Amino acid sequence: MSSIEKRIAKFYAKPVPNNITFADVEALANYYGCIIKTGGNHSKRVVHKESGTVIPIPMHGKYIGEAYVTELKELFDNIKEN
């Protein structure tokens, strides 16, 4: 199993995992064709230009919040469908 496959499995585990790091998000975003933009001291944004979707992710500590994992899952699912 490749590194990206492991990250996808971790990301889509149920219940929503609370140990997703921004490095995981960055790898998955690149895999799904999104870009990461830095904005301000403590936030980054995942941008998918084709759909116009922007998901801001505040950076407080090592892990991202469950709400952002859920938003990213919806975005990645929409990208997979198209």
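Scroll up to find the structure this text is about.
What counts as what
- Residues numbered from 1 in each chain as written.
- Predicted model: local features only at pLDDT ≥ 70, side-chain atom pairs only at ≥ 80, totals over all residues.
- Heavy atoms only, no water.
- Helix = DSSP H or I, 4+ residues; strand = E, 2+ residues; numbered from the N terminus.
- Core = buried A, V, L, I, M, F, W, Y, C linked by side-chain atoms within 4.5 Å.
- Buried < 20%, exposed > 50% of the residue type's maximum accessible area, 1.4 Å probe, protein only.
- Pairing = 2+ DSSP bridges.
- Axes fitted to C-alpha atoms, helices over the stretch in contact; angles between N-to-C directions.
- Contact = heavy atoms within 4.5 Å.
- Phe/Tyr/Trp six-rings, centres within 6.5 Å; stacked < 30°, edge-to-face > 60°.
- Lys NZ or Arg CZ within 6 Å of the ring centre and 35° of its normal.

Caption draft 1: Quick look at unusual backbone geometry. Across the junction of lysine 14 and proline 15, the peptide omega takes the value -5 degrees, indicating a cis bond. For proline 15, the location among the structural elements is in the loop between α1 (3-11) and α2 (22-31).

Caption draft 2: Spatial organisation of the nonpolar core. Core analysis: the biggest nonpolar cluster contains 17 residues, and Val25, Val46, Ile57, Ile64, Leu72 and Phe76 have the highest contact counts within it. Secondary-structure elements contributing two or more residues to this core are α2, β3 (53-58) and α3 (66-81). Looking at this core, the element that brings in the most residues is α3, giving 5 residues.

Caption draft 3: Spatial organisation of the sheet that holds β3. Strand order in the open sheet formed by 3 strands is β1-β2-β3, and the pairing between neighbours is antiparallel. Only two strands of the sheet have a single neighbouring strand rather than two, namely β1 (35-38) and β3. Going across the sheet, the axis of each strand differs from the next one's by a mean of 25 degrees, ignoring polarity. When strand β2 (residues 43-48) meets β3, the two strands line up antiparallel, connected through 6 bridges.

Caption draft 4: Seen up close, α2. Those residues of α2 lying buried are Phe22, Asp24, Val25, Ala27, Leu28 and Ala29. Taken together, the buried residues of α2 touch α1, β1, β2, β3 and α3. Backbone geometry just after α2 places glycine 33 at a positive phi near 85 degrees.

Caption draft 5: Focus on the packing of aromatic side chains. Under the counting rule described, the total for this entry stands at 4 aromatic pairs. With centroids separated by 5.1 Å and ring planes inclined at 80 degrees, the aromatic side chains of tyrosine 31 and tyrosine 32 adopt a geometry described as edge-to-face. An aromatic cluster is present here, built from Phe11, Tyr12, Tyr31, Tyr32 and Phe76 joined pairwise through their rings. The ring of tyrosine 12 carries lysine 80 above its face, with NZ or CZ at 4.5 Å from the centroid.

So far we have only geometry, and geometry alone does not tell us how the molecule works.
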